[in-house]
Amino acid sequence: MPIGPLTMFAIYIICWWVALFMVLPIGTNRQDQPPPTDGSQWGAPDTPNLKKKFVTTTWVGAILWLLIVGAIFTGLVPMPEIGAV
């Protein structure tokens, strides 16, 4: 096994984080009304749909993770032998 479970989990977390920033701007519309009076920010989206975006981020992150871990296990990305002299 070229990498351990903790490393695989760390790779998934990084993939999930990158996918989150890819998914967040999708489908957001800013408030095109006059300046808000309820204390919200002018550039804030009307409906952020965060639950849907987190679910989308999870499966996109899983696909990215599968591609990266698959590349590592098939040898496309060579891993150095630690401790080998």
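Residues numbered from 1 in each chain as written. Predicted model: local features only at pLDDT ≥ 70, side-chain atom pairs only at ≥ 80, totals over all residues. Heavy atoms only, no water.

(A) Looking closely at the overall build of the protein. Of the regular secondary structure elements, the protein holds two helices and zero strands. Across the 85 residues that make up the protein, the buried fraction comes to 19%. In the protein, the share of contacts with a sequence separation of at least 24, taken over all contacts with a separation of at least 6, comes to 66%. Accessible surface, the protein: about 6700 Å² in total, of which carbon and sulfur atoms supply 71%. (Helix = DSSP H or I, 4+ residues; strand = E, 2+ residues; numbered from the N terminus. Buried < 20%, exposed > 50% of the residue type's maximum accessible area, 1.4 Å probe, protein only. Contact = heavy atoms within 4.5 Å. Areas by Shrake-Rupley, 256 points an atom, 1.4 Å probe, with all protein chains shown as cover.)

(B) Representation of the side chain of Thr57 within the structure. Within the element layout of this structure, Thr57 appears in helix H2 (residues 50–74). Sequence-distant contacts of Thr57, defined by excluding residues within four places in its chain, comprise Trp16, Ala19, Leu20 and Val23.

(C) A look at the packing of aromatic side chains. Tallied over the full model, the rule gives three aromatic pairs. Taking the centre distance of 5.9 Å and the plane angle of 45° together, the rings of Trp16 and Phe54 count as tilted. In this pair, Trp16 sits in helix H1 (residues 5–23) while Phe54 sits in helix H2, placing the two residues 38 residues apart along the sequence. Classification of Phe54 by relative accessible area gives partly exposed; the value is 39%. (Phe/Tyr/Trp six-rings, centres within 6.5 Å; stacked < 30°, edge-to-face > 60°.)

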